[in-house]
Amino acid sequence: MSSNDKILVLHGPNLNLLGLREPQHYGNATLDSINQTLIELGKNHQVEVTTFQSNREYELIERIHAAYVEGIAYIVINPAAFTHTSVALRDALAGVKIPFVEVHLSNVHAREAFRHRSYFSDLATGVICGLGAQGYEFALTFAIKKLKTQ
């Protein structure tokens with residue numbers, strides 16, 4: 001594994017409640033089970049996957065800044081509710097210039113109108129929504145392939 005084979009998976013607010021919160025939108029998988037699947041997928045491809053969840057915007061911003069210092073090569077992020085509100089989180093991602101994939105468990109376009117606007121999509125390499133926990137796996141697989149072909 002080279003020092004460039006590091007991917008950070010970021011989970012925004014309330015995702016710590018996965019498995020309990022609105023399963024009709026978010027499914028039954030817990031955050032721990034999602035993280036374990038992603039870490040194992042990374043190991044299978046000789047890529048170090050680190051996960052981080054916070055309900056606090058500033059902690060996510062600090063983690064993005066630290067990712068730059070650590071040499072993280074790719075980010076998979078589910079900004080959750082911050083998708084529709086956080087210019088600060090957007091600016092952090094733009095500032096570090098680490099490519100990222102935006103992930104949403106639910107199909108945000110089939111939900112309330114305020115969820116249709118993302119502050120991240122135009123910066124993201126790609127956006128996956130509506131595929132549940134498997135969307136994270138698709139995003140991570142994509143990021144791994146991008147790293148391996150650089």
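It should be emphasised that the depicted structure is a prediction, and the values quoted were computed from it without experimental measurement.

Asker: Please explain the overall build of the protein chain as it appears in this structure.
Answerer: Counting its regular elements, the protein chain contains five helices and five strands. Reading the helices (α) and strands (β) of the protein chain from amino to carboxyl end gives β-α-α-β-α-β-α-β-β-α. Residues classed as buried in the protein chain amount to 43% of the 150 residues present. Contacts spanning at least 24 positions in sequence make up 78% of the contacts within the protein chain whose residues lie at least 6 apart. Looking at the protein chain as shown, the accessible area adds up to about 7,400 Å², and 52% of this sits on carbon and sulfur atoms.

Asker: What should I look at first to understand unusual backbone geometry in this one?
Answerer: The general pattern is negative phi for most residues beyond glycine and trans for most peptide bonds. Located in the positive-phi region is Ala80, a residue other than glycine, with phi close to 55°. Among the structural elements, Ala80 can be located in the loop between β3 (74–78) and α4 (87–96). Although it is not a glycine, Lys97 sits at a positive phi angle of roughly 60°. With respect to the helices and strands, Lys97 occurs in the loop between α4 and β4 (100–104). Note on Lys97: relative accessible area 69%, which makes it exposed.

Asker: Could you clarify how one ought to interpret the environment of Ala143 in this entry?
Answerer: Examined against the element boundaries, Ala143 turns out to sit in helix α5 (residues 134–148). In the structure, Ala143 is positioned 136 residues away from Ile7 in sequence and 7.8 Å away in space, judged by C-alpha atoms. Setting aside anything within four residues of it in sequence, one finds Ala143 in contact with Ile7 and Tyr74.

Asker: So what exactly am I meant to see when it comes to the packing of aromatic side chains here?
Answerer: Here the distance between the centres and the angle between the planes together describe a pair of aromatic rings. As enumerated under the stated definition, the model contains one aromatic pair in all. Ring geometry for Tyr74 against Phe142: centres 6.4 Å apart, planes inclined by 80°, an arrangement best described as edge-to-face. Within this pair, whereas Tyr74 is found in strand β3, its partner Phe142 is found in helix α5, the two being separated by 68 residues in sequence. Of the residues examined, Tyr74 reaches a relative accessible area of 1% and is grouped as buried.

Asker: Can you help me understand the sheet that holds β4 in this one?
Answerer: Hydrogen bonds between backbone groups are what pair the strands of a sheet, and the pairing can be parallel or antiparallel. With parallel pairing, five strands are arranged side by side in an open sheet as β2-β1-β3-β4-β5. In this open sheet, the two strands that pair with only one neighbour each are β2 (48–53) and β5 (126–129). For this sheet, the mean inter-axis angle between neighbouring strands, taken without regard to orientation, is 15°. Inspection of the sheet shows β4 paired to β5 by four bridges, in the parallel sense. Across the sheet, His104 pairs through a bridge with Cys129, a residue of β5. In the packing of helix α2 (residues 31–44) onto the sheet, contacts are made with β1 (6–11) and β2, and the angle to β2 comes to roughly 160°.

Conventions adopted
- Residues numbered from 1 in each chain as written.
- Predicted model: local features only at pLDDT ≥ 70, side-chain atom pairs only at ≥ 80, totals over all residues.
- Heavy atoms only, no water.
- Helix = DSSP H or I, 4+ residues; strand = E, 2+ residues; numbered from the N terminus.
- Buried < 20%, exposed > 50% of the residue type's maximum accessible area, 1.4 Å probe, protein only.
- Contact = heavy atoms within 4.5 Å.
- Areas by Shrake-Rupley, 256 points an atom, 1.4 Å probe, with all protein chains shown as cover.
- Phe/Tyr/Trp six-rings, centres within 6.5 Å; stacked < 30°, edge-to-face > 60°.
- Pairing = 2+ DSSP bridges.
- Axes fitted to C-alpha atoms, helices over the stretch in contact; angles between N-to-C directions.

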